[in-house]
Amino acid sequence: MAGKTLYDKLWDAHLVKERDDGSALIYIDRHIIHEVTTPQAFEGLRLAGRKPWRVDSILATPDHNVPTTAVERASGVQGIEDPVSRIQVQTLDDNCDEFGIVEFKINDNRQGIVHVIGPESGACLPGMTIVCGDSHTATNGALGALAHGIGTSEVEHVMATQCLVAKKMKNLLIKVDGELAPGVTPKDVVLAIIANIGTAGGTGYAMEFGGQVFRDMSMEGRMTVCNMAIEAGARAGMVAVDDTTIDYVKGRTYAPNEEQWDAAVANWKELVSDVDAEFDKVVEIDGASIKPQVSWGTSPEMVLPVDARVPDPAQEADPVKKTGIERALQYMGLTAGQNITDIAVDRVFIGSCTNSRIEDIRAAAAVAKGRQVASSVIQAMVVPGSGQVKAQAEAEGLDKILVAAGFEWREPGCSMCLAMNADKLGNGEHCASTSNRNFEGRQGYGGRTHLVSPAMAAAAAVAGHFIDVRDLTSQA
Amino acid sequence: MKSFTQVTGIAAPMDRANVDTDMIIPKNFLKSIKRTGFGKNLFDELRYLDEGLPDQDCTGRPLNKDFPLNFPRYEGAKVLLARENFGCGSSREHAPWALDDYGFRAIIAPSFADIFFNNSFKNGLLPIILSAEIVDQLFQEMYANEGYELSIDLAEQVVTTPSGETFSFEIDEFRKHCLLNGLDDIGLTLREADAIRAYEEKRQQQAPWLFGAIQPGA
């Protein structure tokens, strides 16, 4: 019999009951909640007279709607200018208070983006099943956990029953071997993967990232990669546990205490795919061939290396894809065959659950140091992923470097990744963004998003257009 | 939950691949704390020529006359025809809420994104997978015939065209059962409360660090 994949092991360990029709009840260890996808779930609980099954499994924080300027943040929830956003954040506070759920409130120094605070606080651990009403929950799979996004009805279901009705997914292995070229980051790796397999390439699969590139990668890098599994269609992405994982977890607030630590580590060391495990699909990519990536279109699969040219729809045989390219070029205001490096940038956004951790801020600051944001750039902002990331960056003096270079240094939140707060693109503006989605209107009505790594975003801010960050730094 | 048995209604097109949930319901409208009222903002950025605001009265807004849902022939549509990977991106359940509130009862496409697919069933909205060739045939027939209606019978698992041609589709037994009877998932799961508690006790012995770490006041 073939061995088990990491996903098989996580699934088996959480199986409460299998039904005859192939669906199953899966136990959920950790439930992270935020203000946007929970109000209707709490309302559902109240209407049915139900209570959360296990309050200590839940951790809450507001992130999508919170303002990121220090001025607007100063007076907490009541200071949020947009009344609709204020009600939503207030509703989360009220619901958490009513049901006794621990919440890192708006001005708590532990507040931040759900997928940043989960691992950072140790609330999310290896071997867990983790859900959140947010598709980027896959981020937590970097810990060797089964983590995925759910809808609001499922949020209510998990709160009421501690379980999810699920069907086992298929196993997909993305294997990236070799060594990354200098200047190529985890974000470039995941964008290259999405370009390779497409936005539906992982649909129906749990996606494990394996190979030398991920073994060599930091935990934060692995989070960036797992974060975008959903952009390749996979609800869950994951990386096997190794010493990097265990070192990362040790000492975090909610991590196992000293008494439990050895047993936990012994348990976690099993969280790897067996050597004889069989995957339903394997995709192999040569890590050394990956270059810094830039998305040019309106879908995360519309990505090219920075030295490439924007595609020509005339070269596309498939009619649905051809219209897709034409529509994307029109929306993005680009010409077929144009150099990616000739695309001018109006705004720069460094942040989001994909790229707002300390390593991301360091990468941006390293490029910004001693340089200036180009005068043609209207705004370049850096939004740390959490209060803890912000404090760490400030302790290292990164905020001063960024501000001296002309970047704005903001308070933590989702910010311009999806523009539910005041941070958004103007109509027709191009943005070098470290976020995860370049959909039409995602960062603001008529806004044009280009997905890049933090280093590439900072380089674009300095140059005023896309540039291979390695060309910029070699000039110095 | 609303049940789904049989539906007959006008089919309308969303003729592009990879329709994401940001497109189905833009983020401006996610600030609502209710489940209803999203229909007027379905496909907002494609449907109207101006930028929409939450809680806005949409009746006077300028319409994009080139967007099919604004064509009189598709008024009152109940079935949406779509292409590959419909509903990709964000997990927002506001997407099926908006489609349902607008009046759609079923979506037919060659493939759906996982989370959207799952969310639809929780709201009595039926996502039907048919092959790309069949979906293409339905698109052509719909474009050629004003008033083109499709009938869907969930119990029989068939889609019937106006000419009487039928196409069968697959669906999970459990999901079919819940939809046909409008069953509440939570109520069904709570019938297994003993099994859940038994699992939980075992889990707590094996991995005690998974319990109790997060405590109010800590």
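What you see is a predicted model; the values in this text were computed from it and never measured. (Residues numbered from 1 in each chain as written. Chains lettered and ligands numbered in written order. Predicted model: local features only at pLDDT ≥ 70, side-chain atom pairs only at ≥ 80, totals over all residues. Heavy atoms only, no water.)

A. Molecular detail of the domain arrangement of chain B. Taken as a whole, chain B is organised into domain 1 (6-183) and domain 2 (184-218). One C-alpha centre belongs to domain 1 of chain B, the other to domain 2 of chain B, and the line joining them spans 36 Å. (Domains from an automatic or database assignment.)

B. Here's a closer look at the interface of chain B and chain A. On the side of chain A, 81 residues touch chain B, which itself brings 62 residues to the contact. Seen at the junction of chain B and chain A, the total is 8 salt bridges. Ionic pairing is found between arginine 16 of chain B and glutamate 440 of chain A, a salt bridge with its closest N-O pair at 3.4 Å. Counting the contacts that link chain B with chain A gives 36 residue pairs in polar contact (both at pLDDT 80 or more). At the level of secondary structure, the elements contributing two or more residues to the side of chain B that touches chain A comprise α2 (44-47), α3 (94-102), α4 (114-121), α6 (173-181), α7 (185-190) and α8 (193-206) of chain B. Grouping the constituent residues of the side of chain B that touches chain A by class yields 24 nonpolar, 14 polar and 24 charged. (Contact = heavy atoms within 4.5 Å. Salt bridge = Lys/Arg side-chain N within 4 Å of Asp/Glu carboxyl O. Polar contact = N/O pair within 3.5 Å; in protein donor to acceptor, adjacent residues only side chain to side chain. Helix = DSSP H or I, 4+ residues; strand = E, 2+ residues; numbered from the N terminus. Nonpolar A, V, L, I, M, F, W, Y, C, P; charged D, E, K, R; others polar.)

C. Up close: the sheet that holds strand β1 (residues 6-14) of chain B. Residues and elements named next belong to chain B. Taken in spatial order, the 7 strands of this open sheet run β4-β3-β2-β1-β5-β6-β7, and their pairing is mixed. With partners counted over all chains shown, the strands left at the sheet margins are β4 (126-129) and β7 (166-168), one partner each. Looking at each pair of strands side by side, their axes are set apart by 30° on average, direction ignored. Against the sheet, helix α5 (residues 132-144) contacts β1, β2 (79-82), β3 (106-109), β5 (149-153) and β7, and its axis sits at roughly 85° relative to β1. (Pairing = 2+ DSSP bridges. Axes fitted to C-alpha atoms, helices over the stretch in contact; angles between N-to-C directions.)

D. Fine view of the nonpolar core. Ranked by size, the top nonpolar core spans 110 residues in total, and within it Phe407 of chain A together with Phe43, Phe86, Leu99, Ile108 and Leu126 of chain B carry the most contacts. The leading source of residues in this core is helix α16 (residues 454-463) of chain A, at 8 residues. Those residues within four positions of isoleucine 108 of chain B in sequence are excluded, and the remaining contacts are Val79, Leu80, Leu81, Ala82, Ile128, Leu130, Val135, Leu138, Leu150 and Val159 of chain B. Counting 108 residues, the second-largest nonpolar core is a separate cluster that includes Ile28, Leu191 and Val249 of chain A together with Ile196 of chain B. (Core = buried A, V, L, I, M, F, W, Y, C linked by side-chain atoms within 4.5 Å. Buried < 20%, exposed > 50% of the residue type's maximum accessible area, 1.4 Å probe, protein only.)

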